[in-house]
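Below, each chain spelled out in residue letters.
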Amino acid sequence: MDFSFTEEQEMLRTMARDFLANECPKSKVRELDKDEKGYDPQMWRNMAELGWMGLVFPEEYGGTGASFVDLVALMEEMGRNIVPGPFFSTIALCALAILEFGTNEQKAKFLPQIAKGETIWTLASMEQTGSYETSEINLSARPDGDDYVLEGEKIFVSDAHVANYILVVARTGKGKAPQARITVFIVDAKSPALRIEIIPTMAGDRQFQVIFNKAKVSKNDILGAAGGGWEVVNFILQRAAVLKCAEISGACQAVLDMTSAYAKERVQFDRPIGSFQAVQQKLADMLIDIEAIQYLVYQAACGISEGEPSQLQISVAKAKASQAYEKICIDGITAHGAIGFTFDHDIGLYFRRVKAAEFAAGDVDLHRGKIAAELGL
Amino acid sequence: MDFKLSEKEKTLIAEIAKFAKKELPEDFVGTHLIDQEYRDFEFEISMSKKLAQNGWLVMSWPKEYGGQGASLTEQTVYEMEISYWGIPGAWMGISGTQWVGPCLMMFGTEEQKNKYLPLIASGERDGVWCTGYSEPNAGSDLANLQTRAVRDGDYYIINGQKVWTSKAQHSRWCWLLVRTDSTVAKKHRGLSLFIVDMKSPGVTVNPILNYYGRHHFNEVFFDNVRVPASNLVGEENRGWYHLMQALAFERRSVAPLAYGSSKRLLENLVKYVKETQRQGESLSQIPAIRHKLAEMAIDVEIVKLFAYQFTWRVSQGAIPAYESSRNKIMGDDVLRRMAISGAEILGVYSQVDPDSKWARLKGTIQGAYLGFPGAMIAAGTAEVERSIIAQFRLGLPKSY
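The rules behind the values
Residues numbered from 1 in each chain as written. Chains lettered and ligands numbered in written order. Predicted model: local features only at pLDDT ≥ 70, side-chain atom pairs only at ≥ 80, totals over all residues. Helix = DSSP H or I, 4+ residues; strand = E, 2+ residues; numbered from the N terminus. Buried ≥ 20, exposed ≤ 12 C-beta atoms within 10 Å, placed from the backbone. Contact = placed C-beta atoms within 7 Å. Axes fitted to C-alpha atoms, helices over the stretch in contact; angles between N-to-C directions. Parallel < 35°, antiparallel > 145°, perpendicular 65-115°, else oblique. Nonpolar A, V, L, I, M, F, W, Y, C, P; charged D, E, K, R; others polar. Pairing = 2+ DSSP bridges.

Our focus in this paragraph is the overall build of chain A. Along the backbone of chain A there are twelve helices and ten strands. Principal-axis analysis of the C-alpha atoms places the extent of chain A at approximately 80 × 50 × 45 Å. Among the 377 residues that make up chain A, the fraction classed as buried is 52%. Considering only residue pairs separated by 6 or more positions, chain A has 72% of its internal contacts joining residues 24 or more positions apart.

Following this line, the structure appears as structure tokens:
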């Protein structure tokens, strides 16, 4: 057993923390909340120069060959600063899958671009029922010579407006099992056959409806096996769940830090409110939850790093992180009193992102269901 | 980061499973069946001896004191498995293997170590200890205790009363915290630790029954009890500080124990819902029940990781402070939620006594349900533990 980061991982964390403290203060987060793009291209390029996009890619694709746990350590820091932008969409939802399932041509073409910060990617999976279940995938991909023709619509596609490519989960036929005949396509996001409309959300993040109107995709742009897309999607959801947990872990830590600082300085009845047991109980529970999330995330990440992902560990981490993020924000706000309910206070920035974080890679109920299945129920 | 068990640790798990299947009666359910554990002390101590013979009872102690020099992780795995199988007798009373031994190794004289450690390690009745901390007016505010020890030549004369003393009725020795100086301004400065022979004249043990009628704890009276001065542990008037340093040992086993028993309870509940039908449908297909069991599985994973993380910290040479409180809170919460949700799943059958033909899961859920409030109070209330985290980890001002 070893619960510590390596020296390199500690350096990465420190570097990320320093960089983000400078480049992504809360004033920047607020500015980007209102920005049409939703991210800062200069910061994006700087992140690429630091090697963040290609962190886990092998050197031949412009990366540094770091481990999945390294990526978790980095994303914890990004979560702490609630960095706006398409990093999660590009890396967690797409790049890892290209690295795993891409052909040599696909990897050689796409991964170096991503590593350099030149292209932005996202995943289009969810449809009208708002579910991650395979039975709900109806967007059709009809073979047409050397091409497929995609028709249908996807919702809650993050960062679609700035994406260069979209991984689209489509149905290439009806099999007996709902996961049969699912295929993942690499689609040019700028194709005129795509129509993109924003879905306004409370997080101020960028999520879209994407309509595919007879979009032509070459069969060379299938990721993984034709008809074997569910394996790709499952791979993505497992890793994205853990990476989202890492972001949540950092975000929760930030909320605890600001709340405990406030509890020490805010005086009522001639004493800091942090001396009251009722306030202390809340803060102690926050700390316990945060440490729980951290160890659950590291455990699940190590399984992935070692090539033995455990669905139980992943789902336990995501269910717990989603629940705890909500509770920590609510307790943090109520500990602040009215000031915590104001636009100018940073704690609201975190609370407004709670639900989006929960829905990414599966909400609490979905993961409870997976846990139950893993228990043999 | 590394979360894998070593081959040695995996072997240990398999060996304990083999031991449990061989040595425990076929339908034995120790996990949370408080009834059996406390009614049959002879069986309990017979198991202590067998654990000692297998080299497990004090496995992480040095060989010279009867241990195996095993790692703390192995010790933790052992505790998890003991608790999973519900093997009684692992603690030598309530304190012997857990903190008396480790404290004596830290602060005891050579004479004390040579006399008491092998006794504990043997698994014999003469190695059974109770702990005398709480008093009627010293609970969470432990330093307020009033039992006094006054020097008299080569002896100390002890007078006063302890309460909630677990297993005093079976104990050969008492690990006793008393006041040796009443003149100091700060009350925790005048305290000392003693070893008291429970057979000494003037020691009286009275049972206190808990709310389900079991005799687990006692009140213990000390009426002019003469204790040799050589039974003082560590320095006179430094007892509080010795105690604080020893807390890490006292609470290290909380999370492994909670993990072992909660894992077993969860497995039993999963089996139960798969085998049980209601209105022609397996309970395992009812969403509300799946939801409850999934929540339990989350708790079980967390308490497991807390147990290992704590052990890892100690084996790195750290003296954990708030982590013991964190683990205590989490361990108690896991059992509380599991007892409550488990009782909901069993429905009307959850209220049935273990020996009845109507009992389900051999009454273990009833045992957990009746037992968890007591566990939440023992060795520090949830309220106090949370304040410790707030103060010592988050740096908030004192609340008391």
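Right, let's get into the packing of helix α12 (residues 364–374) of chain A against helix α9 (residues 287–315) of chain B. Helix packing for two helices is described by the angle between their axes and how far apart those axes are. For the pair α12 of chain A and α9 of chain B, interaxial distance at closest approach is 8 Å and the crossing angle is 85 degrees. Taken together, the axis directions place α12 of chain A and α9 of chain B in an arrangement best described as roughly perpendicular. Where α12 of chain A abuts α9 of chain B, its residues R368, I371 and A372 of chain A lie against R290, H291, L293, A294 and A297 of chain B. For the contact of α12 of chain A with α9 of chain B, the residue count by class is five nonpolar, one polar and two charged.

Time to look at the pairing of strand β6 (residues 203–209) of chain B. Every other side chain in a regular strand lies on the same face of the sheet, so the side chains alternate between the two faces. Residues and elements named next belong to chain B. Alignment of β6 against strand β7 (residues 215–228), held across seven bridges, turns out to be antiparallel. Bridge pairing in β7 places N206 opposite E219. Here β6 hands over to β7 after five residues, with G213 in that stretch at a positive phi of 85 degrees.

Here we come to the interface of chain B and chain A. On the side of chain A, 35 residues touch chain B, which itself brings 33 residues to the contact. Elements with a contribution of two residues or more to the side of chain B that touches chain A: α8 (254–275), α9, α10 (322–346) and α12 (382–392) of chain B. If one sorts the elements of the side of chain B that touches chain A by residue count, α9 of chain B sits on top with twelve residues.

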